[in-house]
There are 2 protein chains.
Amino acid sequence: MVDVIPSFDDVRQAARRIAPYVHRTPIFTSRSLDELTGATLYFKAENLQKVGAFKARGACNAVFALSEAEAARGVATHSSGNHAQAVAYAAGLRHIPATVVMPESAPPVKVAAVRDYGAEIVWAGSRPLDRERKLEAVLAETGAHFIHPSNDPHVIAGQGTAALELVTEIPDLAIVMAPVGGGGLLAGTALAAVGRAPAARVIGAEPAAVDDAARSLQEGRIHPPTGAPTVADGLCTFLGDVNFPIIQENVSDIVTVGEEAIVEAMRLIWERMKLLIEPSSAAPVAALFEHPDLGRGQRVGIIISGGNVDVTHLPWG
Amino acid sequence: MVDVIPSFDDVRQAARRIAPYVHRTPIFTSRSLDELTGATLYFKAENLQKVGAFKARGACNAVFALSEAEAARGVATHSSGNHAQAVAYAAGLRHIPATVVMPESAPPVKVAAVRDYGAEIVWAGSRPLDRERKLEAVLAETGAHFIHPSNDPHVIAGQGTAALELVTEIPDLAIVMAPVGGGGLLAGTALAAVGRAPAARVIGAEPAAVDDAARSLQEGRIHPPTGAPTVADGLCTFLGDVNFPIIQENVSDIVTVGEEAIVEAMRLIWERMKLLIEPSSAAPVAALFEHPDLGRGQRVGIIISGGNVDVTHLPWG
C-alpha cells in the first residue's frame, strides 16, 4: 500500500503491474475534428478499454497491489458506474471476492455487468450518506479492502497509465486533456504527463453545471459538487485529499463547458470518428470548441475516458 | 486498365498503390461477442477507414490506376452512399474532377460530404434507369472515366486490401466473412483470402429480404435484388459480371439473415465494442447468431464494412 501521494514512479510501476490485464488502447486522429478545432488532436481511446472505460486500469492496479493476505479478504467499493464494473472485473481476474454498494437507481445494464463479473451487489439509497453507511457495514463484516473510485493512490497511479501510453507514443504534445469528475483520472494524467512529457500543459474539462473542480483549483480548497443536472453524469463527484494536491501542483487549468457543447462534441465524435463515447468523454473536445484559442495550432492529446452509454436514450433525442 | 477479371496479384498491387491514401485500420477482438457466438472473432474495422467505409480503398485504387491522360478527363460514378464519398475523396487527392450522379432522395449529410470533398453532384431520380441515363450524359459530355461501385476490376482489387491486411496480421483464420451487396467487397475479400490464406473459407452474409446474391450463387446466374425493404440498405444492389465469377470460384457460401438479427448484432457491436457500425456491417455477426454451427470453435475474421449511419434515426427506435 502507498499511504502517501503517488508519484510518476507509481504510474510506471502501475503500467508494469496491469499490463497483462488491460488493453494498450489505440490512439486515433481525425482530420475533420482537427479542422473544426484548429488543433492537431490525438485521441487515446479508453472507450475501447476493458469494461469500456479507463477505470479498469486503476481497479486492476489497486487489486493486484494487494498482498496475498489482504486480497484473501476481498475488496469493496461504492459506485453506480464504470468503477463498479472495473472493481468487479479486477477482482474476478484475481479470483477474490468483491462487494459493490450500488444505488437502487443504478441502470440495470450496469448492475448486470457487475454481476456477470462475479461481484456481490449490496443495495443502498442514492444519497452519499446511505452508500457510505452500507459500505462501512460491508467493510466491518468482511474485512474487505476499500477501493475508492478516485481518491485511492493505486487507483490514481493506474488511471495515469493511459496518459503514459499517450505521451510515450505521441511526442511533443503541447497539451494533454482529460475530463475531471472525482479527480482520479486528471491526477493520474498529470503525474504521467509531468513525468514523461514535462513541456506539456495538463488541462481538465468539466461541465459548467458542476464546476466544483474548477472552483476548487482556483480557490485552493475542495468544493462539493453543485448537484445540478448535467448530461455528463459521470463527472458529478468530489475531488479528494489524495488527488487534489496532485492536481494543484501539476494541472495548468480546469476549463468549464456548456451542456450543448458537450452533446455537440459527443455527436461529432460518434459521426466523424465512428467511436461510441459517453458524454463525459466529450468534455475536452467541447472545451476546444468553446475556447477556440486553447488548442489552435497546438498538438493536443485527449483521454477519451469511456463508452458506456445507453444507446436507446441518446442526448440528441 | 485491367480489362480482365482481377487476381490476387491485383490485390497486392492495389495495396501498394493505395497505401499513402488509406488507413491501415485496426483489428479488434471482443471477449463478450466471442462468448455470444462461440467463435474467436477478429474484426477488421473499416468503419474507421477514410470516408467511414472500405469504399475508400477501391475508389483510391481506381483513381490512382488511371493514366495521366485518363485522369485529366476526370472520373464519374453513381451512388447515394459510401462509394459517392469515396470517389469524391480519391479524386480530390489526385486533384482531378469528379462527378457523382445522386438520387434526389440521398441523405443531406451524404450530399454535403460529397460536396466537401470537391465533387460535382448531378441529380437523378431514384430508379436505376434514371441514374444510368444521367451518368451516360455526364460521360458523353466530359469524357470522364466511370468508376462502377462494385463491378470494376480496380474497385474489386482495392476492396480486397482490407482482407489482405486481416489475413496477413491474423494467421490461421478458418473463415473470413464479409457482407455482400453489389459484390465488390466479397469478391475482393475472396481474392485476398484465397491468395494469402488458402485454408480459410470465405463466406458472405446478406439480408434474407434481399437474398439475390445467395440465390445467384446457388443457381449459377445473377438474380436482380428483390427490392424488398431492409435495414441494411447498403446491400440492395446487383452482383456484376466481373465480381460474380470471382465469387462463384472462391466463395464457399452466402448466408442470409433476418432483420431482427441484423439490428441485434449491430446494437451488440455498438454496446460491447464501442464501435459505430452501419446495419450492413452487422450482417456477418447476425449470421453467426442465426447459424450457430457456422463459427463455433473457429477463428473467424470479419470485415466491418462501414460506420456511416444517421445517429438520430437508429433502428432500435
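Note that the structure is a prediction, hence the values are computed from the model and not measured.

Draft legend 1. Molecular detail of the overall build of chain A. Check the secondary structure of chain A and you find 13 helices and 10 strands. A globule of 317 residues ought to have a C-alpha radius of gyration of about 20 Å, and chain A, at 18 Å, matches this closely. Seen through its C-alpha atoms, chain A measures out along the principal axes to roughly 55 × 45 × 40 Å. Going through the 317 residues of chain A one by one, you find that 61% of them count as buried.

Draft legend 2. Summary view of the packing of aromatic side chains. All names here are of chain B. With the rule as written, the count across this model stands at seven aromatic pairs over all chains. A centroid spacing of 4.0 Å and a plane angle of 10° characterise the contact between Tyr 21 and Phe 64, whose relative ring orientation is stacked. With Tyr 21 in the loop between helix 1 (8-18) and strand 1 (27-28) and Phe 64 in helix 3 (residues 55-64), the pair connects residues that are 43 residues apart, well separated along the chain. In this structure Tyr 21 comes out as partly exposed when scored by relative accessible area, which is 23%.

Draft legend 3. Structural context of helix 13 (residues 283-290) of chain A. Burial runs high along helix 13 of chain A: six of the eight residues are buried. Turning to helix 13 of chain A, its buried residues are Ala283(A), Pro284(A), Val285(A), Ala286(A), Ala287(A) and Leu288(A).

Draft legend 4. Highlighting the sheet that holds strand 1 of chain B. Residues and elements named next belong to chain B. Across the sheet, which stays open at both edges, the six strands sit in the order 1-2-10-7-8-9 with mixed pairing between neighbours. The open sheet has two edge strands with one neighbour each: strand 1 and strand 9 (253-257). Looking at chain direction, strand 7 (residues 175-179) and strand 10 (residues 299-304) are connected through three bridges and run parallel. What sits directly across from Ile 175, in strand 10, is Val 300.

Draft legend 5. Fine view of the relation of the copies chain B and chain A. Under the fitted operation, chain B is carried onto chain A by 0.0 Å of movement along the axis and a turn of 180°, and the coordinates agree to an RMSD of 0.0 Å. Taken together, the rotation and translation relating the two chain copies correspond to the operation of a two-fold axis. For chain B, the smallest separation between a C-alpha atom and the rotation axis is recorded for Leu275(B), amounting to 2.6 Å. Of the residues that chain B buries at the interface, 100% are likewise interface residues in chain A, meaning the two copies contact each other through the same surface.

Draft legend 6. Main features of the environment of Gln298(B). Residue and element names in this part refer to chain B. One can find Gln 298 in the loop between helix 13 (283-290) and strand 10. Looking at Gln 298, the relative accessible area reads 30%, which means it is partly exposed. Sequence separation of Gln 298 and Ala 174 is 124 residues, and the distance between their C-alpha atoms is 6.1 Å. Setting aside its immediate chain neighbours within four residues, Gln 298 contacts Ala 39, Thr 40 and Ala 174.

Draft legend 7. Structural view of the interface of chain B and chain A. Across the contact, 21 residues belong to chain B and 21 residues belong to chain A. The largest per-residue losses of area from chain B upon contact with chain A belong to Lys274(B), Leu276(B) and Val311(B), which jointly make up 34% of the total buried on that side. In this assembly, chain B and chain A are joined by zero salt bridges. The tally of links between chain B and chain A comes to eight residue pairs in polar contact (both at pLDDT 80 or more). Taken together, the residues of the side of chain B that touches chain A break down into 11 nonpolar, six polar and four charged.

Draft legend 8. Fine view of the environment of Gly143(A). Residues and elements named next belong to chain A. Note on placement: Gly 143 falls in the loop between helix 7 (128-142) and strand 6 (145-146). Put simply, Gly 143 and Phe 244 are 101 residues apart on the chain and 28 Å apart in space, counted from C-alpha to C-alpha. Filtering out sequence-adjacent residues up to four positions away, Gly 143 remains in contact with Arg 73 and Val 138.

Draft legend 9. How the structure looks around the pattern of salt bridges. Residue and element names in this part refer to chain B. Under the counting rule described, the total for this entry stands at 22 salt bridges over all chains. In this structure, the salt-bridge partner of Arg 12 is Asp 9, at a minimum N-O distance of 2.6 Å. Residue Arg 12 and its partner Asp 9 are located together in helix 1, separated by three residues, close to a single helical turn. Asp 9 sits in the partly exposed class, given a relative accessible area of 46%. Taking the shortest distance from any N to any O, the salt bridge between Glu 68 and Arg 94 comes out at 3.2 Å. Note that Glu 68 is positioned in helix 4 (residues 68-72) and Arg 94 in helix 5 (residues 82-94), a separation of 26 residues in sequence.

Draft legend 10. Fine view of the environment of Cys60(B). Residues and elements named next belong to chain B. With respect to the element layout, Cys 60 can be found in helix 3. In this structure Cys 60 comes out as buried when scored by relative accessible area, which is 0%. Along the chain, Cys 60 and Val 22 lie 38 residues apart, while their C-alpha atoms are 8.1 Å from each other. Residues within four places of Cys 60 in sequence aside, it is in contact with Ile 18, Tyr 21, Val 22, Tyr 89, Ala 90 and Leu 93.

Each value, and the rule that gives it
- Residues numbered from 1 in each chain as written.
- Chains lettered and ligands numbered in written order.
- Predicted model: local features only at pLDDT ≥ 70, side-chain atom pairs only at ≥ 80, totals over all residues.
- Heavy atoms only, no water.
- Helix = DSSP H or I, 4+ residues; strand = E, 2+ residues; numbered from the N terminus.
- Rg over C-alpha atoms; globule rule 2.2 N^0.38 Å.
- Buried < 20%, exposed > 50% of the residue type's maximum accessible area, 1.4 Å probe, protein only.
- Phe/Tyr/Trp six-rings, centres within 6.5 Å; stacked < 30°, edge-to-face > 60°.
- Pairing = 2+ DSSP bridges.
- Least-squares fit on C-alpha atoms with pLDDT ≥ 70 in both.
- Contact = heavy atoms within 4.5 Å.
- Buried area = accessible area lost by both parts, 1.4 Å probe.
- Salt bridge = Lys/Arg side-chain N within 4 Å of Asp/Glu carboxyl O.
- Polar contact = N/O pair within 3.5 Å; in protein donor to acceptor, adjacent residues only side chain to side chain.
- Nonpolar A, V, L, I, M, F, W, Y, C, P; charged D, E, K, R; others polar.

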